[in-house]
Amino acid sequence: MAGLSLQKVKKRFGETEVIGGVDLDVKDGEFVVFVGPSGCGKSTLLRMIAGLETTSDGRIEIGGRDVTGEDPAKRGIAMVFQTYALYPHMTVATNMGFPLEMAKRPKEEIDRKVAEAAKILHLEPYLQRKPRELSGGQRQRVAIGRAIVRQPGVFLFDEPLSNLDAELRVQMRIEIARLHQELGTTMIYVTHDQVEAMTLASRIVVLRAGRIEQVGAPLELYENPDNSFVAGFIGSPR
Ligand code: ADP
Ligand code: MG
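The paragraphs below set out a description of the structure included in this document. Only a predicted model underlies this, so the values are computations on that prediction, with no experimental measurement involved.

Neighbouring residues of ligand 1: Phe13, Val18, Gly36, Ser38, Gly39, Cys40, Gly41, Lys42, Ser43 and Thr44. Looking at which element gives the most residues to the shell around ligand 1, the answer is helix H1 (residues 42-50), with 3 residues. In terms of residue class, the shell around ligand 1 is made up of 3 nonpolar, 6 polar and 1 charged.

Next up on the list: the sheet that holds strand E6 (residues 77-80). Sheet architecture is open: 6 strands sit in the order E6-E7-E8-E3-E9-E10, paired in mixed fashion. Either end of the sheet is taken by a strand with one partner, and the two such strands are E6 and strand E10 (211-216). This sheet shows a mean twist of 20 degrees between the axes of neighbouring strands, independent of strand direction. Sheet topology note: the strand E3 (residues 31-35)/strand E9 (residues 203-208) ladder contains 4 bridges and is parallel. Each bridged residue has a counterpart across the sheet, and for Val33 the counterpart in E9 is Ile204.

The subject of this paragraph is the sheet that holds strand E1 (residues 4-13). Taking strand neighbours across the sheet as the criterion, the 4 strands line up as E2-E1-E4-E5 in an open arrangement whose pairing is antiparallel. Bordering the open sheet on either side are strand E2 (16-26) and strand E5 (65-66), each of which pairs with just one other strand. Relative to E2, E1 runs antiparallel, the two being bridged by 8 bridges. What sits directly across from Arg12, in E2, is Glu17.

Both trends apply: most residues other than glycine have a negative phi, and most peptide bonds are in trans. Residues other than glycine seldom take positive phi values, yet Lys8 does so here, at roughly 50 degrees. Its location among the elements puts Lys8 in strand E1. Its identity is not glycine, yet Glu159 carries a phi of approximately 45 degrees, on the positive side. Residue placement: Glu159 occurs in the loop between strand E7 (154-158) and helix H5 (166-183).

To continue, consider the environment of Ala147. Position of Ala147 among the secondary structure elements: in helix H4 (residues 136-148). In this structure the C-alpha to C-alpha distance between Ala147 and Gly36, which are 111 residues apart in sequence, comes to 25 Å. Filtering out sequence-adjacent residues up to four positions away, Ala147 remains in contact with Ala78, Val80, Pro152 and Phe155.

Criteria and cut-off values
- The numbers attached to residues start from 1 for each chain and follow its sequence in the written order.
- Here every chain gets a letter starting at A, and every ligand a number starting at 1, in the order they are written.
- The predicted nature of this model means local features are confined to residues of pLDDT at least 70 and side-chain atom pairs, given and counted, to a pLDDT of 80 or more, with totals for whole chains, interfaces and linings taken over all residues.
- Any residue qualifies as near a molecule or strand once its backbone-derived C-beta atom lies within 6 Å of it.
- Numbered from the N terminus, helices here are DSSP runs of H or I no shorter than four residues, and strands are runs of E no shorter than two.
- Polar here means any residue other than Ala, Val, Leu, Ile, Met, Phe, Trp, Tyr, Cys and Pro, which are nonpolar, and Asp, Glu, Lys and Arg, which are charged; Gly is therefore polar.
- Pairing between strands is defined by DSSP: at least two bridges between the two strands are required.
- All axes here are fitted lines through C-alpha atoms, helices being fitted over the stretch that makes contact, and every angle between N-to-C directions spans 0 to 180 degrees.
- It is the C-beta atoms, placed from the backbone, that decide contacts: two residues are in contact if theirs lie within 7 Å.

Below you can see the structure in the form of structure tokens.
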């Protein structure tokens, strides 16, 4: 497990600044949700934390360690995306164990960690199936399992439930809350869904054009949004 610190973090693509100086401290074990309009930089910020994008300026610390220029594989982070490309020809078990396979971990360790993840995600009956034999929610659970086996210090979720229908979304939201309770790992979660943000977050970060507009506990933002922009995302209707 690890906390996270973003210090004056900026991102430019060519001349365009898309992240304009973000400061944020996330405590070990916190569940932080990023919300904000499309194009405000949520995915870019997550990708910078994961090391999938370089940081133009500022500093990123994970578990108190400066990781700003560091390789993604060394950061102890796992990311779950909206579109979860599972390998169609591999079983659920092989898909989940794949990151460990790539890291050349011993087979006993892979089997043990896959079994543990399958237990947490209620995927035990499906381990020998192929992805096409699963429902959308089960497939997304496999994608989450693939993150769990790596035992990351921080989980990053980029709109992981957006492709699921409404009923499954509710079910998976409860699963993710339970996962956080069971593992206690720091989670950063991007969503468009106000209910997801309100129910999952210990703190919500509202982003606007690459900057933090307001940060606070869900009820704090709901009851005391700083402005109509924040209220538009989280605030109580008035
Ligand atoms: P969000 O996830 O909040 O919808 P993104 O982080 O995807 O926003 O995008 C933020 C801004 O950065 C957008 O204006 C987007 O067009 C731009 N952007 C993202 N990736 C790149 C890239 N690789 N090259 C140039 N511009 C990019
Ligand atoms: Mg995005």
